[in-house]
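Understanding the architecture of this molecule
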Amino acid sequence: VPAGRVRVTAPVAFARQQLVPRIPEFLRAHPQIRIELELSDRLSSLAIEGFDLAIRHTATPPDTHVAWPLCSTRTVLVASRAYLRRRGTPQKPEDLAQHDCLHYPRAQDTPAWHFTAVGGRPRNRPEAPRVTVPVSGPFGANNSEALRDAAIAGLGIALLPDFSAQSALQSGKLVEVLDGWESVGTFSHQIYAIRPYASHVPRAVSAFVAWLRVALADGFAVRA
């Protein structure tokens, strides 16, 4: 029977919204396993800090680790209905330059969002399959929950991973905009469970990874 402690590190927003609500189900099925979860957006060294497992939202898991794909994600552009009534709904990416955009701060001085056409035929701009738009707005944060809540409050348009936007889209607090385009390069499109290479993997860790792969298999699509 799998038993023992599993130390896990995971991004704050993903852990709070998608992982923590699911863990009780796992623990009820595996009463001899204990989960210790660290919520952090810092990329921890698993070996040095003693973690058994990391949940990472990344396109390139490290070559020095074993990486199990858990699920795909997508990036969504969202706003509240109140904001769109007040400022109008963008019809093409270039329109975002005239909107309040709630951004994730990066190294560059001027934030920019990159888009590519869905299926190669975007609405209103079939001749431009890809475009980069400098954006600005009253609020930026390095946490997708904070950006989501600012968008719900009507501060502007936010670019979020679907796992952060899911509940707000389901409840109608946010709606998607520019559905003819998809974001490029802002967030990864894959969630992984990552562990350093080792000759022996504790059964508790293997059990948790196997359960995660089933629990997250459907991703974060918005369902009616």
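What counts and how
Residues numbered from 1 in each chain as written. Predicted model: local features only at pLDDT ≥ 70, side-chain atom pairs only at ≥ 80, totals over all residues. Heavy atoms only, no water. Helix = DSSP H or I, 4+ residues; strand = E, 2+ residues; numbered from the N terminus. Buried < 20%, exposed > 50% of the residue type's maximum accessible area, 1.4 Å probe, protein only. Contact = heavy atoms within 4.5 Å. Core = buried A, V, L, I, M, F, W, Y, C linked by side-chain atoms within 4.5 Å. Polar contact = N/O pair within 3.5 Å; in protein donor to acceptor, adjacent residues only side chain to side chain. Phe/Tyr/Trp six-rings, centres within 6.5 Å; stacked < 30°, edge-to-face > 60°. Lys NZ or Arg CZ within 6 Å of the ring centre and 35° of its normal.

What to know about the environment of Val205
Position of Val205 relative to the elements: it lies in helix 7 (residues 203-215). The class for Val205 is buried, based on a relative accessible area of 1%. Spatially, the C-alpha atoms of Val205 and Val6 are 6.1 Å apart, while their sequence positions differ by 199 residues. Discounting chain neighbours no more than four positions away, the residues touching Val205 are Val6, Asp52, Leu53 and Arg195.

Looking at the nonpolar core
By size, the foremost hydrophobic cluster in this structure holds 27 residues, and its most contacted members are Ile55, Phe208 and Leu212. Secondary-structure elements contributing two or more residues to this core are strand 1 (4-10), helix 1 (12-19), helix 2 (23-29), strand 2 (33-39), strand 3 (53-57), strand 4 (65-72), strand 12 (190-196) and helix 7. In terms of residue count, helix 7 provides more of this core than any other element does, 7 residues in total.

As for helix 5 (residues 144-152)
By the burial criterion, the buried members of helix 5 are Ser144, Glu145, Leu147, Arg148, Ala150 and Ala151. For helix 5, the secondary structure elements touched by its buried residues are helix 1, strand 6 (101-102), strand 9 (157-161) and helix 6 (162-171). N-capping of helix 5 is provided by Asn143, with a side-chain oxygen placed 2.9 Å from the backbone N of Glu145. Once helix 5 finishes, Gly154 follows within two positions and takes phi at roughly 85 degrees, a positive value.

Topic: the environment of Thr116
When you line up the elements, Thr116 lands in strand 7 (residues 112-117). A C-alpha to C-alpha distance of 16 Å links Thr116 and Ala97, two positions 19 residues apart in sequence. Sequence-distant contacts of Thr116, defined by excluding residues within four places in its chain, comprise Pro129, Arg130, Trp181, Glu182 and Val184.

Comments concerning the packing of aromatic side chains
Each aromatic ring pair is described using two quantities: the centre-to-centre distance and the angle formed by the ring planes. Applying the stated criterion across every chain yields a total of 7 aromatic pairs. Ring plane angle 90 degrees and centroid distance 5.2 Å describe the contact between Phe14 and Phe163, whose orientation is recorded as edge-to-face. Here Phe163 lies in helix 6 and Phe14 lies in helix 1, a separation of 149 residues in the sequence. The same class applies to Phe14 and to Phe163, which are both buried. Ring plane angle 80 degrees and centroid distance 6.0 Å describe the contact between Phe14 and Phe220, whose orientation is recorded as edge-to-face. In this pair, Phe14 is assigned in helix 1 and Phe220 in the segment after helix 7, connecting sequence segments 206 residues apart. Pair check on accessibility: Phe14 and Phe220 agree, each one buried. These aromatic residues form a ring-pair network of at least three members: Phe14, Phe163 and Phe220. Positioned above the aromatic ring of Phe51 is the side chain of Arg7, whose terminal nitrogen or guanidinium carbon lies 4.3 Å from the ring centre.

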